[in-house]
Amino acid sequence: MSRETLSFPPTSIPPLEPYLPLTCPSPSSKPHLTLTYATSLDASLSLAPGVRTTLSGPYSKSMTHYLRTRHNAILVGCTTALVDNPALNSRLGSITSLDQQPRPIILDPKGRWDFTEDSQVIRLAAEFKGKGPWVVTKRGGETKERGELLERVGGKFLFLETGEDGRFKWGDVLSVLGEQGVRSVMVEGGGEVINSLLIDPENRLVDSVIITIAPTWLGKGGVVVSPSRQQGQTSQLKLWDVSWQPYGEDVVLCGRILRS
């Protein structure tokens, strides 16, 4: 399937710059983590679980592809990989080499992502239009055949232990990526991944938040960004250093999580 090349005007970059990772980060620091996603006016990511829903307009979509070029890696959860079959690359026409593409990272603690040669991210890596994905899973979540397929396109499995809840701890995820030389990570979804990052103390690992807000309501029953409130919690989760920028009909909110 052919997909159009995108462009993002240089004049739109300066408002984003303060929230993006440094071009020459300290090798000893944790990877810069940018949380970014598109949402409706009622905080929904999709119409219902398992339903792919387009929210971003053309301008903000191009912005997202620009953001991908500014990060070493782009991370999504297994459900997003299963439902959306995402490309996880950048389609900006200004890209001239594979080095400018982000590394796709898929969190798959239960080994559910049954990718094939026809999966978009695999096919594009084989065509040198994106990098081979790294799949973070626990031991036993891989198969020999899938491991060989990943290796053929420059990807691989990374292994982590899960907690009692069957999930990875975000600190462990960033540590293993840092060990692989990743200095910046752009987390795009899905709902479970985003909400888990917004719960204290995990939200302390988030360096910046960039949210596209579309002028639409999706209604009840959708996948909503609304992190669980912890027992006894009385404080609000807020952003500071906030900026708002119009991108076509959408509005892009940039900020940082306020630390108590």
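Before reading on, note that the structure itself is shown above.
Please read all numbers here as calculations on a predicted model, not as lab measurements.

Chemist: Mind showing me how you'd approach the nonpolar core here?
Modeler: One broad rule of soluble globular proteins: the nonpolar side chains tend to lie buried together. Ranked by internal contacts, the top residues of the largest apolar core, which has 33 residues, are Leu35, Leu75, Trp170, Val173, Leu177 and Val187. Val187 has contacts with Leu33, Thr34, Leu35, Thr36, Leu75, Trp170, Val193 and Leu197, leaving out every residue within four places of it along the chain.

Chemist: Just to check I follow, could you spell out the side chain of Arg68 for this structure?
Modeler: Mapped onto the secondary structure, Arg68 falls in helix α1 (residues 58-69). Polar contacts involving the side chain of Arg68 include one to the main-chain carbonyl oxygen of Asn89, which spans 2.6 Å. The residues touching Arg68, leaving out its near neighbours within four places in the chain, are Ile74, Leu88, Asn89, Ser90, Pro102, Met186 and Glu188.

Chemist: For this particular structure, what's the right way to read the packing of aromatic side chains?
Modeler: Describing an aromatic ring pair means giving the distance of the ring centres and the angle of the ring planes. Going through the model one piece at a time under the given rule, you end up with 7 aromatic pairs. Summarising the aromatic geometry, the rings of Phe8 and Tyr66 are spaced 5.4 Å apart at their centres and angled 25° between planes, so their arrangement reads as stacked. Note that Phe8 is positioned in the segment before β1 (32-39) and Tyr66 in helix α1, a separation of 58 residues in sequence. Assigned by exposure class, Phe8 and Tyr66 land together as buried. Aromatic pair Phe157 and Phe159: ring centres 6.2 Å apart, planes at 25°, arrangement stacked. Judged by relative accessible area, which is 14%, Phe157 ranks as buried. An aromatic cluster of three or more residues is present, and its members are Phe8, Tyr59, Tyr66 and Tyr247. The ring of Phe159 is capped by Arg139, whose NZ or CZ atom sits 3.9 Å from the centre of that ring. Of note, Lys156 hangs over the ring of Trp134, and the distance from its end group to the ring centre comes to 4.9 Å.

Chemist: Please explain the sheet that holds strand β4 (residues 103-107) as it appears in this structure.
Modeler: Strand pairing in a sheet relies on backbone hydrogen bonds, with the paired strands running either antiparallel or parallel. The strand order across the open sheet built from 9 strands is β6-β5-β4-β3-β7-β1-β8-β11-β10, with neighbouring strands paired in mixed fashion. Pairing within the sheet leaves two strands with one partner each, and these edge strands are β6 (156-159) and β10 (239-247). With strand direction ignored, the average angle separating the axes of adjacent strands in the sheet is 20°. In terms of strand pairing, β10 meets strand β11 (residues 250-257) through 7 bridges, oriented antiparallel. Bridging from a neighbouring strand, Gln245 pairs with Val252 of β11.

Chemist: Help me understand the layout of surface pockets, please; the structure alone is not making it clear to me.
Modeler: To find leftover empty space, one rolls a probe the size of a water molecule over the atoms. Here the second largest pocket is characterised by a volume of approximately 810 Å³. Going through the elements one at a time, β1, β8 (208-213) and β11 are the ones with two or more residues in the lining of the second largest pocket. Here the lining of the second largest pocket is built from residues that sort into 15 nonpolar, 10 polar and 5 charged.

Chemist: Honestly, the pattern of salt bridges in this entry has me stumped. Any pointers?
Modeler: When charged atoms on two side chains of opposite charge get close, those side chains can pair. Taken as a whole and assessed by the stated rule, the structure comprises 10 salt bridges. Glu4 is the partner of Arg91 in a salt bridge, and the nearest nitrogen-oxygen pair spans 3.3 Å. Here Glu4 lies in the segment before β1 and Arg91 lies in the loop between α2 (78-84) and β4, a separation of 87 residues in the sequence. In this structure, a network of salt bridges that share partners links the residues Arg123, Glu127 and Lys129.

Scoring rules and cut-offs
Counting from 1, residues in each chain are numbered in the order their sequence is written. With the structure being a predicted model, the display of local features is reserved for residues of pLDDT at least 70 and the display and counting of side-chain atom pairs for 80 or more, all residues being used for whole-chain, interface and lining totals. Side-chain metrics in this entry use all non-hydrogen atoms of the structure; hydrogen atoms and water are not considered. By nonpolar core is meant a set of buried Ala, Val, Leu, Ile, Met, Phe, Trp, Tyr and Cys residues that side-chain atoms within 4.5 Å join together. For each residue, the accessible area found with a 1.4 Å probe, counting protein chains only, is set against the maximum for its type, and the residue is called buried under 20%, exposed over 50%, and partly exposed in between. Contacts are assigned to residue pairs with any non-hydrogen atoms lying within 4.5 Å of each other. A run of DSSP states H or I qualifies as a helix once it reaches four residues; a run of E qualifies as a strand once it reaches two. Both are numbered from the N-terminal end. Throughout this description, a polar contact denotes any pair of N or O atoms lying within 3.5 Å of each other; where both atoms belong to protein, one of them has to be capable of donating a hydrogen while the other can accept it, and for residues adjacent in sequence the pair is counted only when both atoms sit in side chains. Here the aromatic set is Phe, Tyr and Trp, taking the six-membered ring for Trp, and pairing holds for ring centres within 6.5 Å; pairs whose planes are under 30 degrees apart are stacked, those over 60 apart are edge-to-face, and all others are tilted. Sitting over a ring, as applied to charges here, requires NZ of Lys or CZ of Arg to be within 6 Å of the ring centre and within 35 degrees of the ring normal. The rule for pairing is simple: two strands pair if DSSP sees at least two bridges between them. For helices, the axis comes from a line fit to the C-alpha atoms of the stretch in contact; other axes are also lines fit to C-alpha atoms, and the angle between any two N-to-C directions lies between 0 and 180 degrees. Lining residues are those with an atom within 4 Å of a point, where the points come from a 1 Å grid over the protein atoms alone and group into cavities, where a 1.4 Å probe fits but cannot get out, or pockets, open sets with protein on both sides within 12 Å along at least five of seven lines. Grid points are joined across faces, edges and corners, and a volume is the space filled by probe spheres set on the points. Asp, Glu, Lys and Arg are counted as charged, while Ala, Val, Leu, Ile, Met, Phe, Trp, Tyr, Cys and Pro are counted as nonpolar; the rest, among them Gly, fall into the polar class. For this analysis, a salt bridge means a side-chain nitrogen from Lys or Arg found within 4 Å of a carboxyl oxygen belonging to Asp or Glu.

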